Amino acid sequence: MKVIMVMSPANRFRRKTGLIKFLLIALILLTSDFSINAQTSADTLSLEDARKMLVVMDSIHRVDSLRRMELLNEITKLKNSGDKSVKNLLHKLDSIQQGDSIQNRLNQERLAKLKASAVGYPVVPFSDTLFYIFTRIGSFSARERADAVTQKIRNIAEEVEFMPDSIRVLPSGSGADITYKEITITTISNTDALLDGSIDTLLAHQRAKVIVKAINDERESKSLRTLFIRIGLVILILTGIYLLIKLINKLFNAIRSKTIQLQDSILKGIRFKGYQLLDSQRELAVAFILIKILRLFIIGVMLYITLPLIFSLFPWTAWLAEKLFSWITTPFKNIFGGIVNYLPKLFTIGVIVVVTHYAIKAVHFFSNEIERGELKIPGFYPDWAKPTFNIFKFLLYAFMFILIFPYLPGSDSPIFRGVSVFIGILFSLGSSSAISNIVAGLVITYMRPFKNGDRIKIGEVTGDVIEKNMLVTRVRTIKNEDITIPNASILSGHTINYSTSAKNLGLIISSTVTIGYDAPWKKVHELLIQAALGTNGIIKDQEDKKPFVLQISLDDFFVSYQINAFTDQAGKTALLYSELHQNIQDKFNEGGIEILSPHYRALRDGNVVAIPIDYLPKDYKGLSFKLSIDKKNDETSSNP
């Protein structure tokens, strides 16, 4: 049995419309290069692609409208038959309507995204913008279209007889034309209408009304009646400014008179730490200068505001008024906008500064604890605490500046970078000696060759250390001479510290005397030790630190005796030496021994020898005496 399938007109129409929609969708994919993700494609859609998409979607909407009309016709035919297919047709009709509403919503979303990303060029024939042009027509870009429409509207407004009724909207092949007499002002294309969410004819009528109103307003602003009214306003503004200036002058004259009255009660002069910076007369003169500057500033601001007000009254000078106002408002806007935009960076800088501040306070706390001896670190001396803290503080501040530098205003500008490089070059070229002194200061700090208050000798300089910093060391001599020595010089030479072991081991002071061989060495030792013990500041009560004498040489004519004594007062060595020498003189005078360096010419013809008499034998001592007496008797007899 052969079954013949008969397709209803509705089914045939449904198949045709489905095929048309498939072809239209394929056209969209080919012309717009859509990706699978429709949302992403809409975000990155170009203006021309969007135009094609909207045109194609409008065609789909028209196909759906034809299908909806066909379904309504079928429903009308089958309405009285009671066939169940009516419900199916109603369901399909409802689906089409829902699809149309969804499609309209998607089109509106795509249109909004397109308008947000598209660049529009304004049509500004006069002071206000009439509308924007987003699309191109043929070889004319959107900018060229906007400039051409602006110039045509200006030319029409300058005609002697303007007839608003001559501006009409005429349909064209590419949309709708707005014309004036024989001139085509602009063409509203389908794309322009789609971007505006309207149709070309309706949008053309709207823009024609806007153009007519703008031309009428411009011509009205340049009419003779309006000109006289504006001249009157100018005279009124000038009169008001004149009266305000007179009022300001009177007000400041009153302030000046009041200032003179307050001269004796308030203006008594300015003193700074005992220095008379300004007396009452000079202070009054400064007050007058400030009052004058304030008066001139207020008048200047008023005049500057008056000029734009006057210029804004006339169309020919309105641009000048806008420029004058922009000179005032633009800097304030830039400053305020810069401050607002800089607030996040300023907050970041504040956080960095606060963190650095408390980090330095924490290091300072531990430094004080180490310096007082409360916190002990093996191998770390308490006198290292302060210089180490200074080093850490410098490093923390340097690190803080490095972090803050990118957030400073203008840090990325070429000028700022050039100045930074220039300063760096100057610093590197001019601070080589300073850097060497700083490095030497660090080395000296941790070498600990001396500390403040120590009696030291550096080269030919002897004195007490009064200051030690990263660059120099200052020494005060016993004559109160302050000598500044660079740290690099100290590091390259040798330093003698008299105070390091004075308290514990004792500092040995010594002095040398030369005595002839005729003086008994034991007697000399005794006298030198007595002189040392009689000196204030010499240690006397410690057995291992008692004074002692060294015979350091046996010379040709005399013996060198060196007295050595311990002291714990290294800062008084000059006084100790002076008193020791005084005591040596006194003790030797009391002992009958002369402090001299004798020179002998020995003739063994009976002269007394230089050996102390206590060391000679008795017979030798008598013989010497007899020979001496005999010699003297012979000399007397030969010289009567």
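Residues numbered from 1 in each chain as written. Predicted model: local features only at pLDDT ≥ 70, side-chain atom pairs only at ≥ 80, totals over all residues. Heavy atoms only, no water.

Focus: a nonpolar patch on the surface
Quick note on the threshold: Within the patch definition used here, like charges are joined within 9 Å and nonpolar side chains (Val, Leu, Ile, Met, Phe, Trp, Tyr) within 5 Å, considering only residues with over 30% relative accessible area and no salt bridge. Only the protein chains shown count as cover for residues, and the accessible areas themselves come from Shrake-Rupley with a 1.4 Å probe. A pair is scored as a salt bridge if a Lys or Arg side-chain nitrogen falls within 4 Å of a carboxyl oxygen belonging to Asp or Glu. Helix numbers and strand numbers start at the N terminus; a helix is a DSSP run of H or I with at least 4 residues, a strand a run of E with at least 2.
A cluster of nonpolar side chains, contributed by Ile435, Ile438, Val439, Val443, Met447, Met470, Leu471 and Leu491, occupies part of the molecular surface with about 610 Å² of accessible area. No other element matches the five residues that helix α13 (residues 432-447) contributes to the nonpolar patch. The topology assignment puts Leu471 in the loop between β9 (461-468) and β10 (472-476).

A word on the sheet that holds strand β5 (residues 183-189)
So the rule is basically this: In this analysis, strands are considered paired if DSSP registers two or more bridges between them. Axis lines are fitted to C-alpha atoms, over the contacting stretch for helices. Their N-to-C directions set the angle, which ranges from 0 to 180 degrees. Here, residues are in contact when the closest pair of their heavy atoms is within 4.5 Å.
Read across the open sheet, the three strands follow the order β3-β4-β5; overall the sheet is antiparallel. With one partner strand each, in any of the chains shown, β3 (167-172) and β5 form the two edges of the open sheet. Adjacent strand axes in the sheet meet at a mean angle of 25 degrees when their direction is disregarded. Taken together, the six bridges between strand β4 (residues 175-180) and β5 define a ladder with antiparallel strand orientation. Looking at the pairing, Tyr180 lines up with Ile183 of β5. Seen against the sheet, helix α5 (residues 142-157) touches β4 and β5 and runs at an angle of roughly 140 degrees to β5.

Regarding the packing of aromatic side chains
Put simply, the rule is: Aromatic rings from Phe, Tyr and Trp, with only the six-membered ring used for Trp, were paired whenever their centres fell within 6.5 Å, and each pair was classed as stacked if the ring planes differed by under 30 degrees, edge-to-face if by over 60, and tilted otherwise. Exposed residues in this analysis have more than 50% of their type's maximum accessible area, buried residues have under 20%, and partly exposed residues fall in between, with area computed by a 1.4 Å probe over protein chains only.
Considering all chains together, one arrives at six aromatic pairs under this definition. A ring pair is formed by Phe380 and Trp384, whose centres lie 5.6 Å apart and whose planes are at 85 degrees; its orientation type is edge-to-face. Given the relative accessible area of 24%, Phe380 is considered partly exposed. By relative accessible area, Trp384 is classed as buried at 11%. Here Phe548 and Phe566 contribute two aromatic rings whose centre-to-centre distance is 6.3 Å and whose plane-to-plane angle is 50 degrees, an arrangement assigned as tilted.

Overview of the side chain of Asp177
Let me state the cut-off plainly: Two residue types count as positive, namely Lys and Arg, and two as negative, namely Asp and Glu; His and chain ends fall outside the count. Pairs of N or O atoms are called polar contacts if they sit within 3.5 Å, as long as, within protein, a hydrogen donor faces a hydrogen acceptor (for residues adjacent in sequence, only side-chain-to-side-chain pairs).
Mapped onto the elements, Asp177 comes out in strand β4. Put simply, Asp177 is tucked away with no salt bridge, and the nearest opposite charge, on Arg145, sits 8.4 Å away. Within the structure, Asp177 has its side chain in polar contact with the side chain of Ser172 (distance 3.4 Å). Within the structure, the side chain of Asp177 is placed 2.8 Å from the side chain of Thr187, a separation counted as a polar contact.

Looking at the pattern of salt bridges
Counted by the stated rule, this structure contains seven salt bridges. The partner of Arg474 in a salt bridge is Glu467, and the shortest N-O contact between them spans 2.9 Å. Relative accessible area serves as the criterion here: at 32%, Glu467 is assigned to the partly exposed category. A salt bridge links Arg476 to Asp482; the nearest nitrogen and oxygen atoms lie 2.7 Å apart. Looking at Arg476, the relative accessible area reads 36%, which means it is partly exposed. Classification of Asp482 as partly exposed rests on a relative accessible area of 48%.

Digging into the nonpolar core
Going by this rule: Working definition of a nonpolar core: buried Ala, Val, Leu, Ile, Met, Phe, Trp, Tyr and Cys residues. They are joined through side-chain atoms within 4.5 Å.
Ile153, Ile167, Ile178, Ile185, Ile211 and Ile215 are the most contacted members of the largest nonpolar core, which totals 25 residues. Broken down by secondary-structure element, the contributors of at least two residues to this core are β2 (131-133), α5, β3, β4, β5 and α7 (200-221). Among the elements that make up this core, the one with the highest residue count is α7 (seven residues). The residues contacting Ile153, other than those within four sequence positions of it, are Val123, Pro125, Phe126, Leu130, Ile185, Ile211 and Ile215. Counting residues in hydrophobic clusters, the runner-up holds 20 residues, among them Ile509, Ala532, Leu576 and Leu580.

Here we look at the packing of helix α8 (residues 224-261) against helix α9 (residues 280-311)
The condition is simple: Orientation labels follow simple angle bins: below 35 degrees gives roughly parallel, above 145 gives roughly antiparallel, 65 to 115 gives roughly perpendicular, and whatever is left gives oblique. Gly counts as polar in this scheme, as do all residues outside two lists: the nonpolar Ala, Val, Leu, Ile, Met, Phe, Trp, Tyr, Cys and Pro, and the charged Asp, Glu, Lys and Arg.
One can describe the packing of α8 onto α9 by two numbers: an axis separation of 11 Å at closest approach and a directional angle of 170 degrees. Here α8 lies roughly antiparallel to α9, going by the angle between them. Considering only residue class, the contact of α8 with α9 consists of 21 nonpolar, three polar and two charged.

Section: the pairing of strand β15 (residues 558-567)
Among the 10 residues in β15, 10 count as buried, and that is most of the element. Burial along β15 is two-sided: the face carrying Phe558, Ser560, Gln562, Asn564 and Phe566 and the face carrying Val559, Tyr561, Ile563, Ala565 and Thr567 are both buried. Where strand β13 (residues 507-516) meets β15, 10 bridges bridge the pair, whose relative direction is antiparallel. Note that in β15 the partner of Ser511 across the bridge is Ile563. As paired strands, strand β14 (residues 548-554) and β15 are joined by six bridges and run antiparallel to one another. By the bridge assignment for β15, Leu554 is matched with Val559. With antiparallel pairing between neighbouring strands as the criterion, β14 and β15 make up a hairpin whose turn holds three residues.

Things to note about α8
Selection rule: In this analysis, the expected span of each helix is defined as 1.5 Å times one less than the number of residues it contains.
Taking 1.5 Å of rise per residue, the 38 residues of α8 would be expected to cover 56 Å, and the 56 Å separating its terminal C-alpha atoms lies within 8% of that figure. Every buried residue belonging to α8 is among Thr226, Arg230, Val234, Ile241, Ile248, Phe252 and Thr259, and all of these are buried. Elements that come into contact with the buried residues of α8 comprise α7 and α9.

As for the confidence of the model for the chain
Do not read the fine detail of predicted coordinates wherever pLDDT is low. For clarity, the threshold we go by: On a range of 0 to 100, pLDDT expresses the predictor's confidence in each residue.
When pLDDT is averaged along the chain, the result is 77, and 72% of the positions lie at 70 or above. Across residues 1-17, confidence stays below pLDDT 50; counting only partners more than four residues off in sequence or on other chains, it has 13 contacts. For the stretch residues 27-46, pLDDT sits under 50, and the model shows 20 contacts to residues farther than four places along the chain or on other chains.

Concerning the environment of Ile391
Locating Ile391 in the fold gives a position in helix α11 (residues 385-404). A relative accessible area of 23% places Ile391 in the partly exposed class. Aside from chain neighbours lying at most four places away, what touches Ile391 is Leu442 and Tyr446.

Focus on α11
Given a rise of 1.5 Å per residue, 20 residues ought to cover 28 Å, and the 28 Å separating the end C-alpha atoms of α11 matches this to within 8%. Summarising the contacts, the buried residues of α11 are in contact with α10 (318-372) and α13.

Some words on unusual backbone geometry
The backbone of Lys181 sits at a positive phi, close to 55 degrees, despite the residue not being glycine. As for its placement among the helices and strands, Lys181 is situated in the loop between β4 and β5. Despite not being glycine, Arg448 has its phi angle at roughly 55 degrees, a positive value. Here Arg448 shows up in the loop between α13 and β8 (455-458).

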